[in-house]
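Chain by chain, the residues:
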Amino acid sequence: MSSTTSFARRRGRGFRAAASLVEDRVRKAGESRGFAVMRLLTRWPEIVGPDLAQLARPGKVSYGRGFGATLTLVCSGSAAPMVQMQAPRIVERVNACYGYAAISRIKVTQTAPEGFAEAQALFQPERRPDPQVERHAASVAEGVADPELRAALEALARNVLTRSS
C-alpha cells in the first residue's frame, strides 16, 4: 500500500469534533451536580430566554423521595423576586428540555451568579494610573503610525510600568 492511499484513508475518517474530546468529562461533571441532561446547562439562554438567563443560572438538580426533582437557580438578591415569579414558566420550559416532567419545584438561591471572587472584583473602585506613567507610556509608542498598534503599545507600556513586583 502506498503512502498516499494510507493518507487518503486516514483523512477520509475526518476530524473529530473538539467537543467530543471533553464530552465525557463534562457529562460526568454535570451528572455529579444532578444534571442528567447537559442541554440544560449548555442551552440555558435558549431554554428560559435571554432576559431570564441573565438574571439566574442553574446551580444543581436534587432528587427527593417523591416524584420530580428540585432545580436550584443561582441569582443575585435583587433579581430573586423576579426569578421566583417566573418559576412556573421555568419549570415548564425545563421539563420541555428534559422531555418529561423531571422538575417539579424551583428553589432560588440568592448569591452572585458569577461566583464570589468575580463578584468582589465588581465592587472594587477603578484605579486611575499615575499621570506620569500615562505620559511615559505615550512617549514609548509615540513614533507608531497605526493608531490601533499605538494604543496596544501604550497599554502594554502602562501595564509594565504599573506592575507591582
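Scroll up for the structure.
Fair warning: this is a prediction, and the values are worked out from it, not measured in the lab.

Draft legend 1. Expanded view of the overall build of the chain. Looking only at helices and strands, one finds 10 helices and three strands in the chain. Listing the helices and strands of the chain from first to last along the sequence gives α-α-α-α-α-β-β-α-α-β-α-α-α. Looking at the chain as a whole, 25% of its 165 residues are labelled buried. Excluding contacts between residues fewer than 6 apart, the proportion of contacts in the chain whose partners are at least 24 apart in sequence is 57%. For the chain, the exposed area adds up to about 12300 Å²; of that, 54% sits on carbon and sulfur atoms.

Draft legend 2. Expanded view of the environment of L153. Residue position: L153 is located in helix α10 (residues 147-162). Residue L153 is classed as partly exposed on the basis of its relative accessible area, which comes to 30%. For the pair formed by L153 and E142, sequence separation is 11 residues and the distance between their alpha carbons is 9.4 Å. In this structure L153 touches A141 and V144, once residues within four positions along its chain are discounted.

Conventions adopted
- Residues numbered from 1 in each chain as written.
- Predicted model: local features only at pLDDT ≥ 70, side-chain atom pairs only at ≥ 80, totals over all residues.
- Heavy atoms only, no water.
- Helix = DSSP H or I, 4+ residues; strand = E, 2+ residues; numbered from the N terminus.
- Buried < 20%, exposed > 50% of the residue type's maximum accessible area, 1.4 Å probe, protein only.
- Contact = heavy atoms within 4.5 Å.
- Areas by Shrake-Rupley, 256 points an atom, 1.4 Å probe, with all protein chains shown as cover.

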